[in-house]
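# Structure assessment
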Amino acid sequence: MTTGPLAFDLTLQRRSKPVRTSQAAAKIKARNANADRGKEAEAAVAKALAAWQKMISQTREVNRLLDTRAAGRVVRSAAADFEFFSGVDIKTH
C-alpha cells in the first residue's frame, strides 16, 4: 500500500473457486456428449475417401477442410468436412 496523494491498494484478493452444482455438471456433461457425436462417422468417411483417392487413378484428390471448432471459431463454418475432386485420367481418355 502506498501513502500520499495517490494512495491505492495493490493487494490482490483471492476468490474461492466456483463450485459446480450437480445440475450444472449434468448440463456440461450433456453438452460435451453432443459435441463429439459425429467423430466416428467422420473417421469412417476419412478412411473411405483415402482409399478412394488411392484407387486406380492418380487424378483424385481429397482435402480435409479447416474445422471451425478446432480453429477457435476464428474461421467461418464450412458446409462439409471434406472436399474431393476427380479429374480426367489422361491415360484412359
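Procedures and definitions
Residues numbered from 1 in each chain as written. Predicted model: local features only at pLDDT ≥ 70, side-chain atom pairs only at ≥ 80, totals over all residues. Heavy atoms only, no water. Patch = residues over 30% accessible without salt bridge, like charges linked within 9 Å, V, L, I, M, F, W, Y side chains within 5 Å. Areas by Shrake-Rupley, 256 points an atom, 1.4 Å probe, with all protein chains shown as cover. Salt bridge = Lys/Arg side-chain N within 4 Å of Asp/Glu carboxyl O. Helix = DSSP H or I, 4+ residues; strand = E, 2+ residues; numbered from the N terminus. Buried < 20%, exposed > 50% of the residue type's maximum accessible area, 1.4 Å probe, protein only.

Our next topic: a nonpolar patch on the surface. On the surface, Leu66, Val74 and Val75 cluster together to form a nonpolar patch covering roughly 290 Å² of accessible area. For Val74, the position within the fold is in the loop between β1 (60-64) and β2 (82-86). Residue class for Val74 comes out exposed when judged on its relative accessible area of 70%.

To continue, consider the pattern of salt bridges. The final tally for this structure, using the stated rule, is two salt bridges. A salt bridge links Glu42 to Arg64, with the shortest nitrogen-to-oxygen separation between them at 2.4 Å. Here Glu42, found in helix α2 (residues 39-54), pairs with Arg64, found in strand β1; they are 22 residues apart in sequence, far enough to count as distant. Residue classification places Arg64 among the partly exposed residues on the basis of a relative accessible area of 40%. With its nearest N and O atoms 4.0 Å apart, the salt bridge here joins Asp81 to Arg64.

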